[in-house]
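# Breakdown of the fold
Residue-level listing of the chains:
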Amino acid sequence: MSGGRASWPAPAKLNLFLHIVGRRADGYHELQTVFQFVDLCDDIHIDVRSDGEIRLIAGAPGVPAETDLCVRAARALKDSSGSSLGANIRVVKRIPMGGGMGGGSSDAATCLVALNRLWRTGWPVQDLAQLGLQLGADVPVFIAGRAAWAEGSGSPHPALPAQCTAGM
């Protein structure tokens, strides 16, 4: 499937509320929240490569390719599925970084969903969500593609993102 090309929207999310319902012995908070998608989107452009290489053509400013969530998502799916294909990935950022709107998680989820289709791996949503959970706690919500209740553990430091396990 060399030369396959696609563009995909990666929506932002808002937390409609965020309740801290307890604190764990490890210092993390127990959280409850509801995620709602909004119209603000990053755009993910993917060109399938037949040589198996994963390349970030453009991504989030200041984020090296080796730590970029789209690259990590593509490599995770490639390794887990055994696909011989690769991808050139270009991310057009519109979702503010560090604003709690899930831009990186949405980008990673969108890459997983898009590459699952483009590479014809045939993974069900539940398997993609499990793979996505390794990349970030919010990623499964974006893979599911709908508003969701989430609960789980959150970082003890307020400047770090919440680590929620999404209910799907």
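Predicted model, so just to flag it, every value in this text is computed and none were measured.

Once that is clear, we can look at the side chain of D42. Summarising the element assignment, D42 is placed in strand 2 (residues 29-49). Here the side chain of D42 touches K93 through a polar contact of 2.6 Å, side chain to side chain. Among the polar contacts listed, one links the side chain of D42 to the backbone nitrogen of R94, at a separation of 2.6 Å. Contacts of D42, omitting those with residues within four sequence positions, involve W8, P9, A10, V92, K93, R94, I95, G103 and D107.

Another point: the packing of helix 2 (residues 103-118) against helix 3 (residues 125-133). Two measures define how a pair of helices packs: the angle their axes make with one another and the distance between the axes. The interhelical angle for the contact between helix 2 and helix 3, taken along N-to-C directions, is 135°, at an axis separation of 10 Å. Judged by the inter-axis angle, helix 2 sits oblique to helix 3. Once helix 2 is placed against helix 3, the crossing between them reads as right-handed. Residues L112, V113 and N116 of helix 2 form the contact with helix 3, whose own contacting residues are L128, L131 and G132.

Looking now at the pairing of strand 4 (residues 86-92). Judged by how many residues are buried, strand 4 sits mostly within the fold: 5 of 7 residues are covered. Relative to strand 4, strand 2 is paired through 7 bridges, and the arrangement is antiparallel. The residue bridging D43 from the neighbouring strand is V92, located in strand 4. Judged from the 4 bridges that link them, strand 3 (residues 54-58) and strand 4 form a sheet pairing that is parallel. By the bridge assignment for strand 4, A58 is matched with R90. On the question of chirality, the crossover connecting strand 3 to the parallel strand 4 by way of helix 1 (residues 69-81) is left-handed.

Attention now moves to helix 2. Helix length check: helix 2, at 16 residues, gives a terminal C-alpha distance of 22 Å against a target of 22 Å (1.5 Å per residue), a fit within 8%. Looking at the residues trailing helix 2, positive phi occurs at R120, about 55°.

By definition, a disulfide links two cysteine residues through a covalent bond between their sulfur atoms. Throughout the structure, instances matching the rule amount to 0 disulfides. With no disulfide of its own, C111 has C70 as its nearest cysteine by sulfur position, at a separation of 3.1 Å.

The next point concerns the packing of helix 1 against helix 2. Between helix 1 and helix 2, whose axes approach to 8 Å, the crossing angle comes to 35°. For the pair helix 1 and helix 2, the sense of crossing is right-handed. Taken together, the residues of helix 2 that come into contact with helix 1 (itself represented by L69, C70, A73, A74 and L77) are G104, S105, D107, A108, C111, L112, L115 and N116. Among the residues forming the contact of helix 1 with helix 2, the class breakdown is 9 nonpolar, 3 polar and 1 charged.

For the rest of this paragraph, the subject is the pattern of salt bridges. Overall, the coordinates contain 6 salt bridges when judged by the stated rule. K93 is paired through a salt bridge with D42; the nearest N and O atoms lie 2.6 Å apart. One end of the pair, K93, is in the loop between strand 4 and helix 2; the other, D42, is in strand 2, and 51 residues separate them in sequence. Residue K93 is classed as partly exposed on the basis of its relative accessible area, which comes to 24%. Residue D42 is classed as buried on the basis of its relative accessible area of 0%. In this structure, E53 and R55 form a salt bridge, with 3.0 Å as the shortest nitrogen-oxygen distance. Assessed through its relative accessible area of 38%, R55 is described here as partly exposed.

In this structure, R120 is a non-glycine residue whose phi angle is positive, near 55°. Tracing the backbone shows R120 in the loop between helix 2 and helix 3.

What counts and how
Residues numbered from 1 in each chain as written. Predicted model: local features only at pLDDT ≥ 70, side-chain atom pairs only at ≥ 80, totals over all residues. Heavy atoms only, no water. Helix = DSSP H or I, 4+ residues; strand = E, 2+ residues; numbered from the N terminus. Polar contact = N/O pair within 3.5 Å; in protein donor to acceptor, adjacent residues only side chain to side chain. Contact = heavy atoms within 4.5 Å. Axes fitted to C-alpha atoms, helices over the stretch in contact; angles between N-to-C directions. Parallel < 35°, antiparallel > 145°, perpendicular 65-115°, else oblique. Left-handed = near helix turned anticlockwise from the far one by under 90°. Buried < 20%, exposed > 50% of the residue type's maximum accessible area, 1.4 Å probe, protein only. Pairing = 2+ DSSP bridges. Right-handed = clockwise from strand over helix to strand, strands pointing away. Expected span 1.5 Å × (residues − 1). Disulfide = S-S within 2.5 Å. Nonpolar A, V, L, I, M, F, W, Y, C, P; charged D, E, K, R; others polar. Salt bridge = Lys/Arg side-chain N within 4 Å of Asp/Glu carboxyl O.

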